[in-house]
Amino acid sequence: MPYRAWFQCINEQCKATYPLNSIIYRCTACGSLLEVQHDMQTLGHRGAKAWMKLFEDRYKSTQWPYGSGVWGKKEWILPKIADDNIVSLYEGGTNLFWAERFGRMIGLDNLWLKLCGNSHSGSFKDLGMTVLVSQVKQMISEGAPIQAVACASTGDTSAALAVYCAAAGIQSIVLLPKGKISIAQLVQPIANGALVLSLDTDFDGCMRVVQEITRDETIYLANSMNSLRIEGQKTVGIEICQQFDWEVPDVIIIPGGNLGNVSALGSGFLMMRDLGLITKLPRIVVAQAERANPLYRSYLKNFESFEPMEAQKTLASAIQIGNPVSVQKAIRTLRQFSGIVMDATEQELADAAALGDTTGMFNCPHTGVALAALIKLINAGKIDRSEHVVVISTAHGLKFTDFKVQYHEEKLDFPCRYANKPIELPPTVEAVREALKNALKKRREQNA
Ligand SMILES: *Cc1c(COP(=O)(O)O)cnc(C)c1O
Ligand SMILES: [Zn+2]
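Residues numbered from 1 in each chain as written. Chains lettered and ligands numbered in written order. Predicted model: local features only at pLDDT ≥ 70, side-chain atom pairs only at ≥ 80, totals over all residues. Heavy atoms only, no water.

Student: How would you explain the sheet that holds strand E9 (residues 219-221) if you had to name every residue and give the values?
Tutor: Pairing in this open sheet of four strands is parallel, and the strands run E8-E7-E6-E9 from one edge to the other. Among the strands making up the open sheet, the edge pair consists of strand E8 (195-199) and E9. In this sheet, adjacent strand axes meet at a mean angle of 25 degrees when their direction is disregarded. Set on the sheet, helix H4 (residues 125-141) makes contact with strand E6 (148-152) and E9; between it and E9 the angle comes to about 145 degrees. (Pairing = 2+ DSSP bridges. Helix = DSSP H or I, 4+ residues; strand = E, 2+ residues; numbered from the N terminus. Axes fitted to C-alpha atoms, helices over the stretch in contact; angles between N-to-C directions. Contact = heavy atoms within 4.5 Å.)

Student: Kindly report on the site of ligand 1, identifying the contributing residues and their values.
Tutor: Near ligand 1 there are 14 residues, and of these Lys 125, Asp 156, Gly 257, Asn 258 and Leu 259 occur at the shortest range. Measuring from an oxygen atom of ligand 1, one finds a backbone N or O atom of Asn 258 at 2.8 Å. For ligand 1, an oxygen atom lies 2.8 Å from a polar atom in the backbone of Asn 261. Considering ligand 1 on its own, with 380 Å² of exposed area, one finds that the protein chains cover 96% of that surface. Here the shell around ligand 1 is composed, by residue class, of five nonpolar, seven polar and two charged. (Near = heavy atom within 4 Å. Polar contact = N/O pair within 3.5 Å; in protein donor to acceptor, adjacent residues only side chain to side chain. Areas by Shrake-Rupley, 256 points an atom, 1.4 Å probe, with all protein chains shown as cover. Nonpolar A, V, L, I, M, F, W, Y, C, P; charged D, E, K, R; others polar.)

Student: Please give an account of the coordination of the zinc ion (ligand 2) that cites residues and values.
Tutor: Tetrahedral coordination by four donors sets the ideal angle at the metal to 109.5 degrees; octahedral coordination by six donors sets it to 90 or 180 degrees. For the zinc ion (ligand 2), the full set of protein donor atoms is Cys 9 (SG), Cys 14 (SG), Cys 27 (SG) and Cys 30 (SG), and the range of their distances to it is 2.3 Å. Taken together, the four donor atoms coordinating the zinc ion (ligand 2) span angles of 96 to 117 degrees at the metal, a pattern that classifies the geometry as tetrahedral. (Donors = N, O, S within 2.8 Å, 3.2 Å for Na, K, Ca; no water. Tetrahedral: all angles 85-135°; square planar, octahedral: opposite > 155°, others 65-115°.)

Student: Explain the pairing of strand E7 (residues 171-177) to me, using residue names and the numbers behind them.
Tutor: Counting buried positions along E7 gives six out of seven residues, so the element sits mostly inside the fold. Summarising the sheet, E6 and E7 pair through five bridges and their orientation is parallel. Paired with Cys 151 across the two strands is Val 174, which belongs to E7. Between the parallel elements E6 and E7, the chain passes through helix H5 (residues 156-168) in a crossover that is right-handed. Bridge count between E7 and E8: five bridges; the pairing is parallel. Counted as the bridge partner of Pro 177 is Leu 199 from E8. (Buried < 20%, exposed > 50% of the residue type's maximum accessible area, 1.4 Å probe, protein only. Right-handed = clockwise from strand over helix to strand, strands pointing away.)

Put into structure tokens, the structure is as follows:
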């Protein structure tokens, strides 16, 4: 294939470049993060219509690996990788649905939910991990000294890394903050054979350690500061447009923690615009938990300064991050996309997730943060009733049953407005009949 891609320093004054098979996570000249750049001129030789047709022809087909939502866009991701080295579990291709009833409840006619959690390991992290692990397999086949791949994680990154490495037969190592992730997220890397290291610290502490450990070239770093992850994750925006027949939504809301995913979302849209597939850009909203909201605080100061904070315990455990590695990329994206940042309290995120569930969703707490941010922006008049809005749901609700159980048992330290407790009864027809009569009457009154 004639297409080419390389790592490039994001610092405008530096722009140093490195080949994709170098074991490198930051610019060696200036220390900034890197991003993958593509030879846009050569990609431009194929017209916009032809790209759209190619992507549509491949979408969800069984033509391996192009039926994957990520590898169907291979030329825009890692054009040079050998198909034999691609480690794919047919990620992407997730459902995008019209949340009609919830939208109406909160005052929107055209609200959609993109369910990135309906994926092999249950979160959007699969989109990036397929690319990173494939490139590792390629480098190993070329003789690179990599013996294992490691990440720090708030749960979902480690689950994705472990499962893709298991599929490839590569050893994974995960560093987790002890007691700060859900049971499902802990058991995923355990089941998939990762070396699981449970550290008595928070995510930011794990991140510091893993950056040191991976100075040794035999252990490759899989966190999203490695921009290979971003290349896969950027397909989410492309896939959303494709699902809307290449129409661009007005607003996209995404929960943010380490802030790699928001820059990935932006990067997919910029590529579509630069290659002529679309002519406008959406507004992007990053939603943060109030207890881990360093980007929101910076937004309030027009991004003139950014101060890391110590993240407090939040139900949205996958975004409990106080010192996000990709903050500079995220700010750049928000400036390009008329960005907004909004935060949500514990009660707001839990109630929003639960209210959504009553309309047929099954939200993880991070999606709850995004829904709560949406409600607040509508109430503040910053999103209009007629706008076409997409909320990115980042993980499957079943990974967070502990959160849902606590909510519905009213065991959280705030009132749980939509708690729905099971009714315990003796096993007799009379008892059930009597209980139903009362309960159904109560429901009718509530819904009236
Ligand atoms: C990783 C993750 C996020 C945050 O993504 P970042 O790229 O770190 O901002 C949000 N929600 C879920 C469920 C996640 O696993
Ligand atoms: Zn540099």
